[in-house]
Amino acid sequence: ASKQQEEAIANRKRETTANSKEQHHPQLVPHSQLTELTTKQQNKMEVEPTVPKAAKKNENVTPSASGESAAKHPNMEIAQSIHRAVLMCEENPKLTSESAAIASINISADLPTKLLDQVKEMENPSLYRHLAPLLQWSALSDADLTAMEAKNDKAIKALEEKVEDAKENAGDMEVLDARFEIAKFAAKSSSKDEALAAYQKVLDLPKLSSGKQMDALMEQSRISSFYGDIVANSGYIKKIAKLAEESGDWDRRNRLKVYNALHKLLTRDVKGSAELLIDGIATFSCAELCSYSDFILYIMLSNILHLPRTEIKAKIIDGPEVLSVKEDIQIVFKLVSALYDCDYKAYLHGMVEVETVLLADRFLQPHCGYIMRELHVLGYKQFLDSYKSVTLESMAMSFGVSVDFLDMQLSRFIAAGRLTAKIDKYGGVVETNRPDLKNAQYRDMIQQGDLLLNRIQKLARVVDV
């Protein structure tokens, strides 16, 4: 019995050892069978790729219209050429091809002739009649202009027939496209009022999405800007801003910033314009309104007057967007760099060249005197902030001007309250006065408090009556 028990125990040990070997060393199989097994395992493990569900399309949202898809007319490059040609044809020309060449601006001496060819190509008799006396044109007679008007009327009539056909045989989108086609033709070949009226008919269409409304209003804003109608342009921008708050997409909102910024620049709200311009530098898509190099030019000239010195370095001088077009705006870039580097002689010399840049631009020319004055104040203020007192002679040498010229400039700005300094004419010294910020704030608070109390008293009298 004991031998049988020992044999049974030995058999169990052998079985246990064999099982453990099979677990750690599985039985080998031929390569062909192994490949077949592996393929089957992979097929079992494969999971069908998850197909994402298509997002439900919002029919109320229309694709954004970028600057590339905007109407070609009115062409703002032509508006810039008109501005320059008018300055060149004045009795005492404010702008010449020679002065423009010094400021690195490419303006040919025969610009009025080239502009005449562009207006002929546009077939716009209204624009020709407006410019002919200013630019001394006589190429087209009254008969030619009348024939041109008859041709345009015939073209508009044919486009109106397309609209009627779309109403009867197609849908709302076809009607909208036909209306936009008429408006674009009117913007090219008709008068300002006719072009605005054509886009108004687009806005009067039923079931028009907010995106398409913004597109039509932006076109109206461009037409107003082309013809220099600031009041009408302001109204259109306000309407666009209201629509953008309700349902505007990001691209149209970014474009609105540029439209609003250039409008503010025209109305001399330079600080408001500077904030919008620098905010839209990375998302600029308004090639229909101005070129990118001009856009950067506006950013630099507006922000130099308001940005702190440290931000000028980071956002303008070292900004990648600015550096990408540095060669196109060398004069303005040198001006900003000279101010930052405290090279005041180069700064004043740069201002002489920048004046031509201001005159040659339709957005900046109306404010040329204002911008030049502010640039003078900016340079003088930065210099005087470094001193408690400085001699007129030393300051004049730093700016590269005569003592008499500097004395005249400083006395004017000090009298106007733009510089906190006083001139000791006998000693030939300029003494700076550091304003006490707390006292200034206290005086402002007292003054505003008195005004508020006076208004409350007046209101109380009215209520008592």
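Peer 1: I'd like a description of helix H6 (residues 125–135), backed by residues and values.
Peer 2: Along H6, the residues that are buried comprise Pro125, Leu127, Tyr128, Leu131, Ala132 and Leu135. Viewed along the axis of H6, the buried residues span an arc of 135°, placing them on a single side of the element. Facing away from the buried side of H6 by more than 90 degrees, the exposed set consists of His130 and Pro133. Turning to H6, the residues buried within the fold contact helix H3 (76–88), helix H5 (111–122), helix H7 (142–169), helix H8 (172–189) and helix H10 (210–226). Among the residues of H6, the N-terminal cap falls to Asn124, whose side-chain oxygen and the backbone nitrogen of Ser126 are separated by 3.2 Å. The first or second residue beyond H6 is Gln136, which carries a positive phi of 60°.

Peer 1: Describe the pattern of salt bridges, listing the residues and the values that go with them.
Peer 2: Here the structure, examined in full by the defined rule, presents 19 salt bridges. The partner of Lys257 in a salt bridge is Asp279, with the nearest N and O atoms 2.7 Å apart. Of this pair, Lys257 sits in helix H12 (residues 250–266) while Asp279 is found in helix H13 (residues 270–279), placing the two residues 22 residues apart along the sequence. For Lys257, a relative accessible area of 25% puts it in the partly exposed group. Note that Asp269 and Lys264 form a salt bridge whose closest N and O atoms lie 3.4 Å from each other. Among the ionic contacts, a cluster of salt bridges with common partners joins Asp215, Asp249 and Arg252.

Peer 1: Can you tell me about the pairing of strand S3 (residues 429–432), naming the residues and giving the values?
Peer 2: One ladder, built from 3 bridges, connects strand S1 (residues 389–391) with S3; its direction is antiparallel. Paired with Thr391 across the two strands is Val429, which belongs to S3. Taking the residues between adjacent antiparallel strands as the criterion, strand S2 (residues 421–424) and S3 are bridged by 4 residues, where Gly428 takes a positive phi near 65°.

Peer 1: Provide a residue-level description of the packing of aromatic side chains, including the pertinent values.
Peer 2: In total, this model carries 13 aromatic pairs according to the counting rule given. Taken together, a centroid distance of 5.5 Å and an interplanar angle of 50° make the contact between Phe284 and Tyr292 tilted. On the accessibility criterion, Phe284 (17% relative accessible area) is buried. Here Tyr292 falls in the partly exposed class, since its relative accessible area comes to 27%. Ring geometry for Phe383 versus Tyr387: centroids 5.0 Å apart, planes at 35°, classification tilted. Judged by its relative accessible area of 36%, Tyr387 falls in the partly exposed class. Lying over the aromatic face of Tyr340, Arg309 brings its terminal NZ or CZ to 4.4 Å of the ring centre. The positively charged end of Arg362 is found above the aromatic ring belonging to Phe363, 4.9 Å away from the centroid.

Peer 1: So what about the packing of H3 against H10? Which residues, and what values?
Peer 2: Look at H3 against H10: their axes get within 10 Å of each other, and the N-to-C directions meet at 15°. With respect to each other, H3 and H10 are oriented roughly parallel. For the crossing formed where H3 meets H10, the hand is left-handed. Side by side, H3 and H10 meet where Met76, Ile78, Ala79 and Ile82 of the first sit next to Arg222, Ser225 and Phe226 of the second. Each residue belonging to the contact of H3 with H10 can be placed in one class, and the counts come to 5 nonpolar, 1 polar and 1 charged.

Peer 1: Outline the pairing of S2, supporting the account with residue identities and numerical values.
Peer 2: For S2 and S3, the ladder comprises 4 bridges, and the chain directions are antiparallel. Bridge pairing in S3 links Ile423 to Val430.

Peer 1: Tell me about the sheet that holds S1, and name the residues and values.
Peer 2: One key point about sheets: their strands pair by backbone hydrogen bonds, in either a parallel or an antiparallel sense. Judged by pairing direction, the sheet is antiparallel, and its 3 strands sit side by side in the order S1-S3-S2 without closing on themselves. Edge positions in the sheet fall to S1 and S2, since each has one partner strand and no second. Between one strand axis and the next, the sheet turns through 20° on average, direction left out of account. Contacts from helix H20 (residues 392–399) reach S1, S2 and S3, with the element oriented near 75° to S1.

Here is what the cut-offs are and how they apply
- Residues numbered from 1 in each chain as written.
- Predicted model: local features only at pLDDT ≥ 70, side-chain atom pairs only at ≥ 80, totals over all residues.
- Heavy atoms only, no water.
- Buried < 20%, exposed > 50% of the residue type's maximum accessible area, 1.4 Å probe, protein only.
- Helix = DSSP H or I, 4+ residues; strand = E, 2+ residues; numbered from the N terminus.
- Arc of directions from axis to C-beta.
- Contact = heavy atoms within 4.5 Å.
- Polar contact = N/O pair within 3.5 Å; in protein donor to acceptor, adjacent residues only side chain to side chain.
- Salt bridge = Lys/Arg side-chain N within 4 Å of Asp/Glu carboxyl O.
- Pairing = 2+ DSSP bridges.
- Phe/Tyr/Trp six-rings, centres within 6.5 Å; stacked < 30°, edge-to-face > 60°.
- Lys NZ or Arg CZ within 6 Å of the ring centre and 35° of its normal.
- Axes fitted to C-alpha atoms, helices over the stretch in contact; angles between N-to-C directions.
- Parallel < 35°, antiparallel > 145°, perpendicular 65-115°, else oblique.
- Left-handed = near helix turned anticlockwise from the far one by under 90°.
- Nonpolar A, V, L, I, M, F, W, Y, C, P; charged D, E, K, R; others polar.

Read these as layout, nothing more, since geometry by itself doesn't imply function.
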